[in-house]
Amino acid sequence: MGRRLEYEVKTSVRFNMNNPQHVKINNVLQNLDSNIFKSKNQFIIDACQFYIDHYGEEQFMEKKERKRESYISVEDIDEIKAELIEVAMNEARKEVIKLLGGVISGMNVGQSVIRPSTYNKDEEPTEDVMDDADVAGLAMSWMSKGD
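Remember, it's a predicted structure, so these values are computed and weren't measured experimentally.

### Digging into the confidence of the model for the chain
If pLDDT is low for a region, its predicted coordinates should not be looked at in detail.
Then, in step 1: The predicted model of the chain averages 77 in pLDDT, with 71% of residues at 70 or higher.
Then, in step 2: For the chain, helix 3 (residues 64-68) is the element with the lowest average pLDDT, namely 55, and helix 1 (residues 20-30) is the one with the highest, namely 92.

This is the structure we're talking about:
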């Protein structure tokens, strides 16, 4: 057996002798004029080169962009949906924790406070059990646990 070089690529051609087109090509290959063509291999290469040159390479080769235009399967859509839902849930949890922490610590200034129209000095509000600093510390620790 002959040795095969690293840079060689083998491709085989199969002919069906019941197909007239195949019979014609096989006849030409078997009876090549050795004064013109030294090998069947070079004849096939020259024939392919002629065909490509006259019809254009882009006619025969698959373009890379076409692979990107492939269809999306239902499984792909389900995976994308699951990923989006997971990301949305995580972001919503973080926002809720931040909002609750802000409300608990008294930092939420955006909410309006409704006060009674009459104010009595006798009805002083009682002091909370916990300091605002303690509540703010707890809220901040809860917010950091959510990340």
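### Considerations on the packing of helix 1 against helix 2 (residues 40-55)
Then, in step 1: Packing of helix 1 against helix 2 leaves a shortest axis separation of 10 Å and a crossing angle of 130°. Viewed along their axes, helix 1 and helix 2 adopt a mutual orientation that is oblique. On helix 2, the residues that touch Val28, Leu29 and Gln30 of helix 1 are Lys40, Phe43 and Ile44.
Then, in step 2: Across the contact of helix 1 with helix 2, the residue classes break down as four nonpolar, one polar and one charged.

### Section: a negative patch on the surface
Then, in step 1: Where like charges cluster on the molecular surface, the negative patch consists of Glu75, Asp76, Asp78, Glu79, Glu83 and Glu86.
Then, in step 2: One can find Glu75 in helix 4 (residues 74-105).

### Points about the packing of aromatic side chains
Then, in step 1: Counted under the stated rule, the structure contains one aromatic pair.
Then, in step 2: The interplanar angle of 85° and the centroid separation of 4.9 Å between the aromatic rings of Phe37 and Phe43 together place this pair among those described as edge-to-face.
Then, in step 3: Relative accessible area serves as the criterion here: at 21%, Phe43 is assigned to the partly exposed category.

### Quick look at the layout of surface pockets
Then, in step 1: Roughly 300 Å³ of internal volume is contained in the largest pocket.
Then, in step 2: As for the largest pocket, its lining consists of Val13, Arg14, Phe15, Gln21, His22, Lys24, Ile25, Val28, Leu29, Phe43, Ile44 and Ala47.
Then, in step 3: Those elements that place two or more of their residues in the lining of the largest pocket are helix 1 and helix 2.
Then, in step 4: Counting residues per element, the lining of the largest pocket draws most heavily on helix 1, which supplies six residues.
Then, in step 5: Estimated volume of the second largest pocket: approximately 200 Å³.
Then, in step 6: Lining the second largest pocket are Val9, Lys10, Thr11, Val13, Lys40, Asn41 and Ile44.
Then, in step 7: In the lining of the second largest pocket, the residues fall into three nonpolar, two polar and two charged.

Rules and cut-offs
Position numbers for residues count from 1 along each chain, tracking the sequence in the order it is written. Whole-chain, interface and lining totals are the exception, using all residues; otherwise, since this is a predicted model, local features are given only for residues with pLDDT of at least 70 and side-chain atom pairs are given and counted only at 80 or more. The side-chain quantities take in all heavy atoms of the structure and omit both hydrogens and water. Per residue, pLDDT measures the predictor's confidence, with a range of 0 to 100. In this text, helices come from DSSP runs of H or I with a minimum length of four residues, and strands from runs of E with a minimum of two, each type numbered from the N-terminal end. Working convention: axes come from line fits to C-alpha atoms, limited for helices to the stretch in contact. Angles between N-to-C directions cover 0 to 180 degrees. Note on terminology: angles under 35 degrees are roughly parallel, angles over 145 are roughly antiparallel, angles of 65 to 115 are roughly perpendicular, and the others are oblique. Any pair of residues with heavy atoms lying within 4.5 Å of one another is described as a contacting pair. Classes in brief: Ala, Val, Leu, Ile, Met, Phe, Trp, Tyr, Cys and Pro nonpolar; Asp, Glu, Lys and Arg charged; the others, Gly included, polar. Patch membership requires more than 30% relative accessible area and the absence of a salt bridge. Residues of like charge join within 9 Å; the nonpolar side chains Val, Leu, Ile, Met, Phe, Trp and Tyr join within 5 Å. Per-residue accessibility takes into account occlusion by the displayed protein chains alone, with areas from the Shrake-Rupley method and a 1.4 Å probe. Each reported salt bridge corresponds to a side-chain nitrogen of Lys or Arg within 4 Å of a carboxyl oxygen of Asp or Glu. The convention is simple: Lys and Arg are positive, Asp and Glu are negative, and His and the chain ends are not counted. To locate a charge, take NZ of a lysine, CZ of an arginine, CG of an aspartate or CD of a glutamate. Each pair of aromatic rings taken from Phe, Tyr and Trp, with Trp reduced to its six-membered ring, is defined by centres within 6.5 Å and is described as stacked if the planes are under 30 degrees apart, edge-to-face if over 60, and tilted in the remaining cases. Buried means the residue's accessible area, taken with a 1.4 Å probe over protein chains only, is under 20% of the maximum for its type, while exposed means over 50%, and partly exposed covers the values in between. Using a grid of 1 Å spacing that covers the protein atoms alone, one calls a set of points a cavity when a 1.4 Å probe fits there but cannot get out, and a pocket when the set is open and has protein on both sides within 12 Å along at least five of seven lines; lining residues are those with an atom within 4 Å of a point. Grid points are joined across faces, edges and corners, and a volume is the space filled by probe spheres set on the points.

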